[in-house]
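So the chains spell out like this:
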Amino acid sequence: MPTKFELCPGRMIGENYPCFVIAEIGQNHQGDIEIAKKMIRMAKDCGADCAKFQKSELEYKFNKKALERPYNSKHSWGKTYGDHKRHLEFSHDQYRELQKYAKEVGIFFTASGMDEMAVEFLHKLDVPFFKVASADGNNFPYLENAAKKGRPMVISSGMQSMETMRRVYQTVKQHNQNFCILQCTSAYPLEPEHVNLRVITEYLKEFPDIPIGYSGHETGISITVAAVAMGAKVVERHVTLDKSWKGNDHEASLEPAELAELVRSIRIVEKALGTGVKQMLPCEMTCHSKLGKSIVAKMAIPKGAALTIDMLAVKVAEPKGVIPEDIFQLVGKKVLVDVEEDDSITEDMVAGYNKKA
């Protein structure tokens, strides 16, 4: 299986490719398609890679009693939970309109299919990848059905155990090679002590042949940036135009300035991660020229004398001499010239000295 793959047309994820940033609009659009369009534009302007929504076919996601129960929350858009959800649910035609707008703006567009019929619709809509919400992380018929369609998958793992996620990996892997798993804790907003970023490390061990990512519901951006430093190749954060708006998700969402700063910080961290090869870099040469140390004579050393460790010291010296890590190479070798006390011992002064490459 690939540790990298094409998540969207022309956009690879994994290995050394840039972290893929999903702006989760979800249902923070308040049921207003014009607000939804503003949020798509905002996601693009802030540097996100993808604007994502949540698509449900309500009669397939909820049973009748769930839809009919009273919903008296301050966040309610209707007297029953069904009325509330219907207010927030865009039609198929509206999804096509939003997809067209995202294409015009120049940002990838997809949605979480919140039930199997929603997945069927999104498949026909030709979204670039399926996002699997945490609530379907243990819905194995759903996972198998989605995997068989052949589209890349991004799977959140909130509310699940490692044992379940092993089953998820095996189930999807049988039918689809291009998927990644996101560490996630399903609480809104999420307290830092419940984030559990170390699960990213465990996922990298358990599933070394797929990219791993992070879906966050915490406030602020620092934890998500840390997830990228720990190896997350996809990150997802809820976004909003105003945290004070009605809706459970707004408080745990990022406003435009925060989303822009998140993307900027991720790109800085990616540069800072480097190659993993430890060596002196060109940018260090100025400091080395000024402060790099050399081997010097601790005492006057006559021509022909065999060097002992007691004759040598390490100092910042002019001119530059033999590098300090070679000090034990010099022991026992003869000097070819008289060396004054405190003078640099240069390569040409010592018989048989072979400088390290």
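Residues numbered from 1 in each chain as written. Predicted model: local features only at pLDDT ≥ 70, side-chain atom pairs only at ≥ 80, totals over all residues. Heavy atoms only, no water.

In this structure, I40, F53, M153 and Y214 are the most contacted members of the largest nonpolar core, which totals 68 residues. If you look at the next biggest cluster of nonpolar residues, it comprises 16 residues, including I295, L312, I345 and V350. (Core = buried A, V, L, I, M, F, W, Y, C linked by side-chain atoms within 4.5 Å. Buried < 20%, exposed > 50% of the residue type's maximum accessible area, 1.4 Å probe, protein only.)

Right, let's get into a nonpolar patch on the surface. Together, I309, F328 and V331 give the surface a local cluster of nonpolar side chains, amounting to about 290 Å² of exposed area. Along the polypeptide, I309 turns up in the loop between β11 (293–297) and β12 (312–316). Take I309: its relative accessible area is 36%, and that puts it in the partly exposed class. (Patch = residues over 30% accessible without salt bridge, like charges linked within 9 Å, V, L, I, M, F, W, Y side chains within 5 Å. Areas by Shrake-Rupley, 256 points an atom, 1.4 Å probe, with all protein chains shown as cover. Salt bridge = Lys/Arg side-chain N within 4 Å of Asp/Glu carboxyl O. Helix = DSSP H or I, 4+ residues; strand = E, 2+ residues; numbered from the N terminus.)

Residue Y188 is joined to P189 through a cis peptide bond whose omega torsion reads -10°. Position of P189 among the secondary structure elements: in the loop between β8 (179–184) and α9 (198–206). Between E318 and the following residue, P319, the backbone shows a cis peptide bond with an omega angle of -10°. Relative to the assigned elements, P319 resides in the loop between β12 and α13 (327–330). Unusually for a residue other than glycine, Q30 sits at a positive phi of about 65°.

All right, on to the state of the cysteines then. Across all of its chains, the model carries 0 disulfides by this definition. C283 takes part in no disulfide bond, and the closest cysteine sulfur, belonging to C287, lies 9.8 Å away. What makes C283 exposed here is its relative accessible area of 66%. C287 gets classed as partly exposed once you look at its relative accessible area, which sits at 48%. (Disulfide = S-S within 2.5 Å.)

All right, on to the UniProt feature "domain: AFP-like" (unreviewed entry) in the protein then. Per the UniProt record, the feature "domain: AFP-like" (unreviewed entry) sits at residues 294–353. The annotated region residues 294–353 carries 7% helix and 15% strand content, and the separation between its end C-alpha atoms amounts to 15 Å. (UniProt positions renumbered as here; feature names shortened; annotations may be inferred.)

With that settled, consider the side chain of T110. For T110, the position within the fold is in strand β5 (residues 108–113). A residue is classified by how much of its surface remains accessible, and T110, at 0% relative accessible area, is buried. From its side chain, T110 meets the backbone oxygen of F129 in a polar contact 2.6 Å long. The residues contacting T110, other than those within four sequence positions of it, are C50, A51, K52, F53, V127, P128 and F129. (Polar contact = N/O pair within 3.5 Å; in protein donor to acceptor, adjacent residues only side chain to side chain. Contact = heavy atoms within 4.5 Å.)

Right, let's talk about the pattern of salt bridges for a bit. In this structure the tally under the stated criterion is 24 salt bridges. A salt bridge links D45 to R41; its shortest N-O distance comes to 3.9 Å. Note that D45 and R41 are positioned in helix α1 (residues 33–45) at a spacing of 4 residues, about one turn of the helix. By relative accessible area, D45 is classed as exposed at 57%. For E218, the salt bridge goes to R237, with nearest N and O atoms at 3.0 Å. Of the two residues, E218 sits in the loop between β9 (212–216) and α10 (222–229) while R237 sits in strand β10 (residues 234–238), which places them 19 residues apart along the sequence. Here E218 and R237 have matching classes, each one buried. Beyond isolated ion pairs, a larger network of salt bridges with shared partners links R11, D49, R267 and E270.

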